[in-house]
Amino acid sequence: MIKKIAWDTFKNTGDINAFLEFKQIENIEKGLENNLYNIEVEKNNKE
């Protein structure tokens with residue numbers, strides 16, 4: 001969804017910086033999802 005927002009913003013404004021900022025947010029979001037997954041796996045392994 002963030003990727004679509006980033007692309008639409010770039011198409012409407014022509015501002016590459018806005019696109020790149022949204023892409024950074026997308027990468028942060030993916031990193032958080034991976035961290036949460038890893039925490040859950042570690043938690044389950046300890047049980």
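These numbers come from a predicted model, not from an experiment.

**Regarding helix α1 (residues 2-13)**
The terminal C-alpha atoms of α1, which comprises twelve residues, lie 16 Å apart, in line with the 16 Å expected from a rise of 1.5 Å per residue. One or two positions beyond α1, positive phi appears at glycine 14, with a value near 75 degrees.

**Looking at the packing of aromatic side chains**
Ring pairs (aromatic) are described by centroid distance and by the angle formed between their planes. Per the counting criterion, the structure on display carries three aromatic pairs. A centroid spacing of 6.3 Å and a plane angle of 80 degrees characterise the contact between tryptophan 7 and phenylalanine 19, whose relative ring orientation is edge-to-face. Pair noted here: tryptophan 7 is in helix α1 and phenylalanine 19 is in helix α2 (residues 16-46), with a separation of twelve residues, a long-range link. Phenylalanine 19 gets classed as buried once you look at its relative accessible area, which sits at 19%. Each member of the aromatic cluster is reached from another via a ring pair, and the members are Trp7, Phe10 and Phe19.

**Some words on the pattern of salt bridges**
If you walk through the whole model with that rule in mind, you get three salt bridges. Close ionic contact of lysine 4 with aspartate 8 constitutes a salt bridge, the shortest N to O distance being 2.9 Å. With lysine 4 and aspartate 8 both in helix α1, this residue pair falls four residues apart, about one helical turn. For lysine 4, a relative accessible area of 55% puts it in the exposed group.

**Regarding the packing of α1 against α2**
Running from amino to carboxyl end, α1 crosses α2 at an angle of 175 degrees, the nearest separation of the two axes being 8 Å. When the axes of α1 and α2 are compared, the pair comes out roughly antiparallel. Side by side, α1 and α2 meet where Ile2, Lys3, Ile5, Ala6, Trp7, Thr9 and Phe10 of the first sit next to Ile16, Ala18, Phe19, Phe22, Lys23, Ile25, Glu26 and Glu29 of the second. Here the residues of the contact of α1 with α2 are counted per class, giving ten nonpolar, one polar and four charged.

**Side note on the side chain of glutamate 26**
Within the secondary structure layout, glutamate 26 lies in helix α2. A polar side-chain atom of glutamate 26 sits 2.6 Å from a polar atom in the side chain of lysine 23. If we skip the residues at most four places from it in the chain, glutamate 26 touches Ile2 and Lys3.

Conventions used here
Residues numbered from 1 in each chain as written. Predicted model: local features only at pLDDT ≥ 70, side-chain atom pairs only at ≥ 80, totals over all residues. Heavy atoms only, no water. Helix = DSSP H or I, 4+ residues; strand = E, 2+ residues; numbered from the N terminus. Expected span 1.5 Å × (residues − 1). Phe/Tyr/Trp six-rings, centres within 6.5 Å; stacked < 30°, edge-to-face > 60°. Buried < 20%, exposed > 50% of the residue type's maximum accessible area, 1.4 Å probe, protein only. Salt bridge = Lys/Arg side-chain N within 4 Å of Asp/Glu carboxyl O. Axes fitted to C-alpha atoms, helices over the stretch in contact; angles between N-to-C directions. Parallel < 35°, antiparallel > 145°, perpendicular 65-115°, else oblique. Contact = heavy atoms within 4.5 Å. Nonpolar A, V, L, I, M, F, W, Y, C, P; charged D, E, K, R; others polar. Polar contact = N/O pair within 3.5 Å; in protein donor to acceptor, adjacent residues only side chain to side chain.

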